[in-house]
Structures are given as C-alpha cells and as structure tokens.
Amino acid sequence: KATTGIFITMNPGYAGRTELPDNLKALFRPVTMIVPDLQQICEIMLFSEGFNTAKVLAKKMTVLYKLAKEQLSKQYHYDFGLRALKSVL
C-alpha cells in the first residue's frame, strides 16, 4: 500500500527554469490547478490579524493589485502575484 506522494510544481515560464525532460514527465500524472481567490485569501489573513473591516480592506487590496498589474508596464521585475500580495499584508 502506497503511503507517499511526490508533487512537482512546474513553472517553466519563469526566468532560469526549464521544462522537465519527457522521460521524467512520463513518471508523473498531471494535476490541474485553478487560480486562487486573492480577495478571499486577503480577507482571511486580515481577519486572522484582528482587522474588523477585513472584507472592505481585502477588496481594496485586490483591486489595487489588479489595477497595478494591468496598468503598469510589463517589466519582469514587477510581481503582483499571491506571494507578493501576502508579503504586503
């Protein structure tokens, strides 16, 4: 009975990362992921830190990040992903 799982996250679009060779790809089963709900994650983080108006603040933060991502130039050093948003919170 198998009791161990190995998961590999592949982000070949990022700088310095390469595709997994086909012989290794054949050993793993692909899993589809969905885009996380940034507003809900922000809201939970803010509530957990004691903010009473977390729902409103989460909406404002996610709108700010969305607008920045859309309107600022597309330079590679800009990062408006979940990791950056969480570090700000």
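Placed above this text is the structure.
Right, let's walk through the structure included here. (Residues numbered from 1 in each chain as written. Predicted model: local features only at pLDDT ≥ 70, side-chain atom pairs only at ≥ 80, totals over all residues. Heavy atoms only, no water.)

In this section: the nonpolar core. Counting residues in each nonpolar core, the largest one holds 10 residues, listed as Cys42, Leu46, Ala54, Ala58, Met61, Tyr65, Ala68, Phe80, Ala84 and Leu85. Secondary-structure elements contributing two or more residues to this core are α2 (38-48), α3 (54-71) and α4 (82-88). With 5 residues, the single largest contributor to this core is α3. (Core = buried A, V, L, I, M, F, W, Y, C linked by side-chain atoms within 4.5 Å. Buried < 20%, exposed > 50% of the residue type's maximum accessible area, 1.4 Å probe, protein only. Helix = DSSP H or I, 4+ residues; strand = E, 2+ residues; numbered from the N terminus.)

A few words now on the packing of α2 against α3. Contact geometry of α2 with α3 gives a least axis separation of 8 Å together with a crossing angle of 135°. When the interaxial angle is binned, α2 and α3 end up oblique. α3 is crossed by α2, and the crossing has right-handed handedness. Between α2, through Leu38, Gln39, Cys42, Glu43, Leu46 and Phe47, and α3, the contact on the second element is made entirely by Ala54, Lys55, Leu57, Ala58, Lys59 and Thr62. Here the residues of the contact of α2 with α3 are counted per class, giving 7 nonpolar, 2 polar and 3 charged. (Axes fitted to C-alpha atoms, helices over the stretch in contact; angles between N-to-C directions. Parallel < 35°, antiparallel > 145°, perpendicular 65-115°, else oblique. Left-handed = near helix turned anticlockwise from the far one by under 90°. Contact = heavy atoms within 4.5 Å. Nonpolar A, V, L, I, M, F, W, Y, C, P; charged D, E, K, R; others polar.)

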